[in-house]
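Residues per chain are reported as follows:
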Amino acid sequence: MAKILFAMTGADHWTLSGNVKRHTGYWADEFATPYRTFTGNGHDVVVATPGGVRPPVDLASLAPVPNGGEEGARQVAETIEGAAPVRNPVPLSEVRLDDYAAVFYPGGHGPMEDLAVNKDSAALLVETLKSGKPLALVCHGPAAILATAADGPSPFAGYRLTAFSDAEERLGGLAEQARWLLEDRLIELGAEYHCGEPFAPFLQADRNLHTGQNPASAGPLAAALLEVV
């Protein structure tokens, strides 16, 4: 079956205004549900991070509330604990796109700290977009797209996409502390940004680019990706 690359954050904090560092990482279910979806359908998953560091999970995302209760939290934790790829990531700088059928970016606030400015991730995104292979990003994962505009116009300009909205950031209580907001920056980059209701599943697809707005969109996004892998 296919081999799918998960490009993930290596950052365990997000720097807010006043140089305040808030603990973060990847959002647990944005890894766990897609991982179960792909591996449950016979696909292999490889995780890549900046420098090959083990991706840190946002501890808040392991709590019962964001997982629909104690049982959901237990299932997510067990999936992460049993996922060998997340314990043995490869460096993004060593990734060869030819080895993979698709690329998937989980979110969490971690990508706002490192992938938003990471050149290896930017090169991977540009190459994947040009290749026509399925490229999927969810929630704050699309922050990685910002790095593709570091040296000029981004090839993602003009693409229809979604990501964690300014409204959701405000409802989560972090918008006023953030140095910048993802929705605003994607619009500035030239993307055609769309969003749905806060914290409800919402997807966008434009050519080979597939995006999901928030944690609730991770499962539907993975299911959509299965149809094109």
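Structure first, text after, so check above.
Residues numbered from 1 in each chain as written. Predicted model: local features only at pLDDT ≥ 70, side-chain atom pairs only at ≥ 80, totals over all residues. Heavy atoms only, no water.

Draft legend 1. A look at the sheet that holds strand β7 (residues 135-138). On the basis of which strands lie adjacent, the open sheet formed by seven strands has the order β5-β4-β1-β6-β7-β11-β10 and mixed pairing. With one partner strand each, in any of the chains shown, β5 (90-91) and β10 (203-206) form the two edges of the open sheet. Examined bridge by bridge, β10 and strand β11 (residues 209-212) share four bridges and lie antiparallel to one another. When the bridges of β11 are listed, Leu-203 appears paired with Gly-212. Sheet strands touched by helix α1 (residues 28-40): β1 (3-7), β4 (44-49), β6 (102-105) and β7. Its angle to β1, the strand with the most contacts, is close to 175°. (Pairing = 2+ DSSP bridges. Helix = DSSP H or I, 4+ residues; strand = E, 2+ residues; numbered from the N terminus. Contact = heavy atoms within 4.5 Å. Axes fitted to C-alpha atoms, helices over the stretch in contact; angles between N-to-C directions.)

Draft legend 2. Region of the structure containing α1. Helix length check: α1 (13 residues) gives 18 Å between terminal C-alpha atoms against 18 Å at 1.5 Å per residue, within 8%. Inspection of α1 places Ala-28, Asp-29, Glu-30, Phe-31, Ala-32, Thr-33, Pro-34, Tyr-35, Thr-37 and Phe-38 among the buried residues, and these make up the whole buried set. Of the residues trailing α1, Gly-42 is marked for its positive phi of about 90°. (Expected span 1.5 Å × (residues − 1). Buried < 20%, exposed > 50% of the residue type's maximum accessible area, 1.4 Å probe, protein only.)

Draft legend 3. Main features of the packing of aromatic side chains. Scanning the model with the defined rule gives eight aromatic pairs in all. Taken together, a centroid distance of 5.1 Å and an interplanar angle of 20° make the contact between Phe-31 and Tyr-35 stacked. Here Phe-31 and its partner Tyr-35 are both found in helix α1, four residues apart, which amounts to about one turn of the helix. There is no split in this pair, since Phe-31 and Tyr-35 are both buried. Ring geometry for Phe-38 against Phe-104: centres 6.0 Å apart, planes inclined by 75°, an arrangement best described as edge-to-face. On the criterion of sequence distance, the pair formed by Phe-38 in helix α1 and Phe-104 in strand β6 is long-range, its members being 66 residues apart. Per residue, the accessibility class of Phe-38 equals that of Phe-104, and both read buried. Here Arg-185 stacks its cationic end above the ring of Trp-180, 4.8 Å away from the centre of that ring. (Phe/Tyr/Trp six-rings, centres within 6.5 Å; stacked < 30°, edge-to-face > 60°. Lys NZ or Arg CZ within 6 Å of the ring centre and 35° of its normal.)

Draft legend 4. The arrangement of the packing of α1 against helix α2 (residues 70-81) in detail. Across the interface, α1 lies against α2 with an axial gap of 9 Å and an inter-helix angle of 70°. In this view, α1 runs roughly perpendicular relative to α2, as classed from their interaxial angle. Each of Ala-28, Asp-29, Phe-31, Ala-32, Tyr-35 and Arg-36 in α1 lies in contact with α2, whose residues at this interface are Gln-75, Val-76, Thr-79 and Ile-80. (Parallel < 35°, antiparallel > 145°, perpendicular 65-115°, else oblique.)

Draft legend 5. Structural detail: the layout of surface pockets. Taken as a whole, the largest pocket holds about 400 Å³ of empty space. Along the wall of the largest pocket there are 20 residues; nearest its centre are Trp-27, His-109, Phe-164, Phe-199 and Pro-215. Of all elements in the fold, only β3 (21-23) and α6 (166-171) reach the threshold of two or more residues within the lining of the largest pocket. (1 Å grid on protein atoms, 1.4 Å probe; cavity = no way out; pocket = protein on both sides within 12 Å on 5 of 7 lines; lining within 4 Å. Points joined across faces, edges and corners; volume = space filled by probe spheres on them.)

Draft legend 6. Molecular detail of the nonpolar core. The biggest cluster of nonpolar side chains holds 39 residues, and the ones touching the most others in it are Tyr-105, Leu-124 and Leu-135. Secondary-structure elements contributing two or more residues to this core are β1, β4, β6, α5 (119-131), β7 and α7 (182-189). Setting aside residues up to four positions removed in sequence, Leu-135 forms contacts with Val-103, Tyr-105, Leu-125, Thr-128, Leu-129, Phe-156, Asn-208, Leu-209 and His-210. Counting residues in each nonpolar core, the second largest holds 26 residues, with Phe-6, Tyr-35, Ala-83 and Ala-136 among its members. (Core = buried A, V, L, I, M, F, W, Y, C linked by side-chain atoms within 4.5 Å.)

Draft legend 7. Local environment of the environment of Glu-197. Secondary-structure assignment places Glu-197 in the loop between β9 (192-193) and β10. Placed 32 residues apart in sequence, Glu-197 and Ser-165 show a C-alpha to C-alpha distance of 9.3 Å. Apart from residues no more than four positions distant in its own chain, Glu-197 is found in contact with Glu-168, Gln-213 and Asn-214.

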